[in-house]
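# Coordinates in review
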Amino acid sequence: MYKIACFVSGNGSNLKAIFEEIAKGNLLTEISLVVSNKSDCNAVKFAEVNAIETFIIAKDSSNYSELINILLNKKIDLIVLAGFLKKIPDFFVDAFPNKIINIHPALLPSFGGKGMYGMNVHNAVFNSSVKVSGPTIHFVNNNYDEGLIISQRAIDINDVKSPEEIAVKVLNEEHKILPFVIRKFSENKVRVIGSRVLID
Ligand code: GRF
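Everything numeric here is computed off the predicted structure, so don't read it as measured data.

### Describing unusual backbone geometry
- Here L108 and P109 are connected by a cis peptide whose omega angle stands at 10°.
- Relative to the assigned elements, P109 resides in the loop between β5 (100-104) and α5 (119-128).
- Backbone geometry places A51, a non-glycine residue, at a positive phi of 60°.
- Mapped onto the secondary structure, A51 falls in the loop between α2 (42-49) and β3 (54-56).
- A51 sits in the exposed class, given a relative accessible area of 70%.
- Of note, the phi angle at D145 is positive, near 60°, even though the residue is not glycine.

### Overview of the sheet that holds β3
- If you walk across this open sheet you meet the seven strands as β3-β2-β1-β4-β5-β7-β8, and the pairing is mixed. Strands with a single pairing partner mark the edges of an open sheet, and in this sheet they are β3 and β8 (149-152). The average angle at which neighbouring strand axes cross in this sheet is 20°, direction not considered.
- Where strand β4 (residues 78-81) meets β5, three bridges bridge the pair, whose relative direction is parallel.

### A word on the packing of aromatic side chains
- Summed over all chains, the structure comprises six aromatic pairs.
- A centroid spacing of 5.8 Å and a plane angle of 55° characterise the contact between F7 and F92, whose relative ring orientation is tilted. Of this pair, F7 sits in strand β1 (residues 2-8) while F92 sits in helix α4 (residues 90-95), placing them 85 residues apart in sequence.
- Aromatic pair F139 and F185: ring centres 5.9 Å apart, planes at 90°, arrangement edge-to-face. A residue pair is termed long-range when its members are at least 10 positions apart, and F139 in strand β7 (residues 136-139) and F185 in helix α6 (residues 163-186) qualify at 46 residues. In this structure, F139 and F185 share a single accessibility class: buried.
- Aromatic rings pair up to connect F7, Y64, F84, F92 and F96 into one cluster.
- Residue placement shows K87 over the ring face of Y144; its charged tip is 5.6 Å from the ring centre.

### Here we look at the site of the ligand
- In the vicinity of the ligand, the contacting residues are G10, N11, G12, S13, N14, G83, I103, H104, P105, L171 and E174.
- The separation between an oxygen atom of the ligand and a polar main-chain atom of G12 is 2.8 Å.
- Contact distances for the ligand include 3.1 Å between a nitrogen atom and a backbone N or O atom of I103.
- Coverage of the ligand by the protein chains reaches 84% of its 370 Å² of free accessible surface.
- The cavity that encloses the ligand is the largest pocket.
- Going through the elements one at a time, α1 (13-23), β5 and α6 are the ones with two or more residues in the shell around the ligand.
- Within the shell around the ligand, the residues separate by chemical class into three nonpolar, seven polar and one charged.

### Here we look at the environment of P179
- By the secondary structure assignment, P179 is in helix α6.
- Considering only alpha carbons, one finds P179 and S129, 50 residues apart in sequence, at a separation of 30 Å.
- Sequence-distant contacts of P179, that is, excluding residues within four places in its chain, are made with A17, I18, E21, L27 and E174.

Thresholds applied
- Residues numbered from 1 in each chain as written.
- Predicted model: local features only at pLDDT ≥ 70, side-chain atom pairs only at ≥ 80, totals over all residues.
- Heavy atoms only, no water.
- Helix = DSSP H or I, 4+ residues; strand = E, 2+ residues; numbered from the N terminus.
- Buried < 20%, exposed > 50% of the residue type's maximum accessible area, 1.4 Å probe, protein only.
- Pairing = 2+ DSSP bridges.
- Axes fitted to C-alpha atoms, helices over the stretch in contact; angles between N-to-C directions.
- Phe/Tyr/Trp six-rings, centres within 6.5 Å; stacked < 30°, edge-to-face > 60°.
- Lys NZ or Arg CZ within 6 Å of the ring centre and 35° of its normal.
- Near = heavy atom within 4 Å.
- Polar contact = N/O pair within 3.5 Å; in protein donor to acceptor, adjacent residues only side chain to side chain.
- Areas by Shrake-Rupley, 256 points an atom, 1.4 Å probe, with all protein chains shown as cover.
- 1 Å grid on protein atoms, 1.4 Å probe; cavity = no way out; pocket = protein on both sides within 12 Å on 5 of 7 lines; lining within 4 Å.
- Sits in = over half its atoms within 2 Å of the grid points.
- Nonpolar A, V, L, I, M, F, W, Y, C, P; charged D, E, K, R; others polar.
- Contact = heavy atoms within 4.5 Å.

Structural data, given as structure tokens:
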């Protein structure tokens, strides 16, 4: 069975979307571990209610080495940052080359980088006057939001009246694209060729 670990910090709606696709039988994957820097966030509560093992990252980040060992022992195939709001240390990223993916709520390489998370992103998108936004799934490297782009979905935001409206539309799309991409990984259909990522 293909195994993933989901890293979360907030509401966990993406975690829930993945969980539901698995429950429906659309995704032959197991969520083997939920990792968070916030022990009391909704995403962790969701994991606990659904009997998924959890791991809490220490405030001083001192247990990342322990986490690497746990992930290796569990033979995790893919690490999914699904709303994880803490920068991951370089040595952790280096331990899992091309095995960590992140979902970002805008079309990278625009509207990314340090400080660009949550409503900061959607406010910037709204104020920029762009006509499309949407989620990006990319590999994680040692710079914020700069790893190779795996998949994107552009949605029309021509007639939105507020950043909040963009947030709702983008999140709705995230819930579709993230399980889709995980499924493609689990089917071994994601290939990195030079600076491009191909999904078969
Ligand atoms: C999403 O918008 C995701 O793109 C961003 O954080 C948000 C997480 O939402 N990285 P949730 O916790 O999955 O509801």
